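Commentary on secondary and tertiary structure
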Amino acid sequence: MSAWSPCFFRAAAAAACLMFGSGAVWAQGQAEEIRVSLGKSLVIDYPEDVSRISTSNPEIVDYVPVSTREILLHAKGLGTATVVIWAKSGQRNFYNMTVDMNLEPIRKVLRDTFPNEEVTVASSREAITLTGRVSTQSAADKMVALMTPFAKTVVNNMRVSAPPVEKQILLRVKFAELNRNAATQVGVNLVSTGALNTIGSTGTGQFTSARPSVIGGDSNRFTISDALNIFAFRPDLNLAAFVKLLQQQGMLQILAEPNLVTSNGKEASFLVGGEFPVPVLQGGSNAGAVTIQFREFGIRLTFNPSMTDNKTLKMYVKPEVSTIDLANAVTFNGFTIPALATRRVESNIELGSGQSFVIGGLIDDRVNESLSRIPGLANIPLLGTLFKSRNENRSKTELIVMVTPEFVEPVAAGDPKNLPQMPGEFLRPMMLPNGVPGSSNVGAGSSASKGAPARGGRHRAATRASLSAGSASAP
């Protein structure tokens, strides 16, 4: 034993402390856990005079000795570091310090921006973790975008609540079109079959007159292709007159009431009409080839609704009424391509549920007048009217579109279902007096007894006999 010096035992003890650090800590007491926010400082009041201080990572936790028993620790970086303090008496203490991000300003930003969301914020080194439940996916995305400037990594562990039953929007639309037509026709054609030894006819050409078929001989003949609406002939005077004196009035009313249902922010469209073919010339390698494309026409409605926070409805509405216009058709390479007469309205409006508004009152008033006369003769006072003709057409079209939006909620599972009302009974079953499906009346001479109902095969045989052949007796 004398060969071993005290210095050897001190060296062995130091090596034991290096090899079995946890045992040394246990011998001196458990290490103290301290959590501090980044950028903050704390002071440790040590009970004895300090001889030495050490930190495992000065970039995370640094120290400044204020006095022999006060140590100031600074949290300089995110992470974990260990601070060891030795007293002059030989006692040493370990402090495991964890430096976290200062989350209080982040929590305040989230509370102020999203007061109705329940979200918890946690940090780990340079990452922020968001946990909790949010109402919509849009709110979760906005929270992640809001936290991006505060950390290099944002972990989204938020759960999105099931969305409530979304209200649907029913749009009731009424298309009312009134078309009035008025025509006035005035004209006179004169024909002489030999009056004053003169054969001939006069007319402005606007209305068809009689044409001579045989001239000369004992009699002169004229062929009448259109007697107009007033015809007079004096054989003794050999003079005939064809008069066109006509007034026409007509009215056409078209009414369509489409109903459309859609969700918030989703576009819906409606079309009642048809398609007509349009030839299209191809280019490139297929130059000269003709293909057929179809163009739509009719009553069309397109709308896109959006609900507002004020319980109102903001809508973009685009109604359109188009008809085929053959008067302006184009003939190309033997193809007749009709034109389209279109009336279209585009409108943005905001209103409440159940309110109606008129988005289009389109009036189209047209007058087409044709005048014809024979030069010279038409200038004769009084008689000049016989050598004039006039054709006047007036058309007036009015289009009114009325829109009424309504909010519609889906029917719950236990609620009664409203079925459509049919104008007549649909497939009414034929019932026997005892409630068995079949004919409403059993044959008059049936042997089925009155009172207790027939049983077994006799009852079924009587039913078949009365339904198929109207038999007077049952087997």
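Given the structure is predicted, the values throughout are model-derived calculations rather than measurements. (Residues numbered from 1 in each chain as written. Predicted model: local features only at pLDDT ≥ 70, side-chain atom pairs only at ≥ 80, totals over all residues. Heavy atoms only, no water.)

Scanning the chain from N- to C-terminus turns up five helices and 24 strands. For the chain, buried positions account for 28% of its 475 residues. In the form shown here, the chain has an accessible surface area of approximately 31,000 Å², with 54% of it arising from carbon and sulfur atoms. (Helix = DSSP H or I, 4+ residues; strand = E, 2+ residues; numbered from the N terminus. Buried < 20%, exposed > 50% of the residue type's maximum accessible area, 1.4 Å probe, protein only. Areas by Shrake-Rupley, 256 points an atom, 1.4 Å probe, with all protein chains shown as cover.)

A negative phi angle is the norm for most residues apart from glycine, just as the trans form is the norm for most peptide bonds. Phi is positive for Lys311, which is not a glycine, with a value near 60°. Relative to the assigned elements, Lys311 resides in the loop between strand E19 (290–307) and strand E20 (313–332).

A word on the nonpolar core. One finds Phe175, Met315 and Val403 to be the most contacted residues of the largest nonpolar core, which totals 20 residues. Every element with two or more residues in this core is listed here: strand E11 (168–193), E19, E20, strand E23 (357–373) and strand E24 (388–408). In this structure, Val36, Ile53, Ile85 and Tyr95 belong to the second largest nonpolar core, which totals 18 residues. (Core = buried A, V, L, I, M, F, W, Y, C linked by side-chain atoms within 4.5 Å.)

One open sheet holds the three strands; their spatial order is E2-E5-E4, and the pairing between them is antiparallel. Across the chains shown, the open sheet's two edge strands, defined by having one partner strand only, are strand E2 (41–45) and strand E4 (61–65). With strand direction ignored, the average angle separating the axes of adjacent strands in the sheet is 25°. With five bridges joining them, E4 and strand E5 (residues 70–75) adopt antiparallel strand pairing. Its bridge partner being in E5, Pro65 is matched across the sheet by Ile71. (Pairing = 2+ DSSP bridges. Axes fitted to C-alpha atoms, helices over the stretch in contact; angles between N-to-C directions.)

Turning to helix H4 (residues 137–147), its buried residues number three or more, namely Ala139, Ala140, Met143 and Met147. All buried residues of H4 project into a common sector of 100° when viewed along the axis, lining one side. Turned more than 90 degrees away from the buried face of H4 sit Lys142 and Ala145, all of them exposed. Buried residues belonging to H4 abut helix H3 (104–113), strand E8 (118–124), strand E9 (127–134) and strand E10 (153–160). (Arc of directions from axis to C-beta. Contact = heavy atoms within 4.5 Å.)

So, about the packing of aromatic side chains. This structure, assessed with the given rule, holds one aromatic pair. Arranged with centres 6.1 Å apart and planes meeting at 50°, the rings of Phe276 and Phe297 form a pair that is tilted. Residue Phe276 is located in strand E18 (residues 268–281), and its partner Phe297 is located in strand E19; the two are separated by 21 residues in the primary sequence. If you follow Arg52 out to its NZ or CZ, it ends over the ring of Trp86, 4.1 Å from the centre. (Phe/Tyr/Trp six-rings, centres within 6.5 Å; stacked < 30°, edge-to-face > 60°. Lys NZ or Arg CZ within 6 Å of the ring centre and 35° of its normal.)

This next bit is on the pattern of salt bridges. Taken as a whole and assessed by the stated rule, the structure comprises nine salt bridges. Among the salt bridges present, the one from Arg300 reaches Glu296, with a minimum N-O distance of 2.3 Å. Exposure remark for Arg300: the relative accessible area of 26% places this residue in the partly exposed category. In this structure, the salt-bridge partner of Glu392 is Arg390, at a minimum N-O distance of 2.9 Å. (Salt bridge = Lys/Arg side-chain N within 4 Å of Asp/Glu carboxyl O.)

Between H3 and H4, whose axes approach to 11 Å, the crossing angle comes to 145°. Between H3 and H4 the crossing geometry is right-handed. Packed against H3, whose contacting residues are Ile106, Val109, Leu110 and Thr113, the element H4 presents Met143, Leu146 and Met147 at the interface. Tallied by class, residues from the contact of H3 with H4 come to six nonpolar, one polar and no charged. (Left-handed = near helix turned anticlockwise from the far one by under 90°. Nonpolar A, V, L, I, M, F, W, Y, C, P; charged D, E, K, R; others polar.)

Moving on, we get to the confidence of the model for the chain. On average, residues of the chain score 75 in pLDDT, and 81% of them are at 70 or above. Within the model, pLDDT remains below 50 along residues 1–28, and this stretch shows 10 contacts once partners closer than five positions in the same chain are excluded. When the criterion is pLDDT under 50, residues 438–475 qualifies, and its contacts beyond four places in sequence or with other chains add up to 36 contacts. (pLDDT = per-residue confidence, 0-100.)

The next point concerns the sheet that holds strand E1 (residues 32–37). The sheet built from four strands is open, its strands ordered E1-E7-E6-E3 with mixed pairing. Each end of this open sheet is capped by a strand with a single partner; those strands are E1 and strand E3 (50–55). Averaged over all neighbouring strand pairs, the angle between strand axes comes to 25°, with direction disregarded. Of the pairings in the sheet, the one linking strand E6 (residues 79–87) to strand E7 (residues 92–100) comprises eight bridges and is antiparallel in character. Looking at the pairing, Thr82 lines up with Asn96 of E7.

With respect to the element layout, Ala127 can be found in strand E9. Placed 24 residues apart in sequence, Ala127 and Ala151 show a C-alpha to C-alpha distance of 5.8 Å. Excluding residues within four positions of it along the chain, Ala127 makes contact with Ala122 and Thr153.

A contiguous nonpolar patch, built from Leu281, Val290, Ile292, Phe294, Val330, Phe332 and Phe335 and spanning about 640 Å² of accessible area, is present on the exposed surface. Those elements that provide at least two residues to the nonpolar patch are E19 and E20. Take the nonpolar patch: its biggest share by element is three residues, from E19. (Patch = residues over 30% accessible without salt bridge, like charges linked within 9 Å, V, L, I, M, F, W, Y side chains within 5 Å.)

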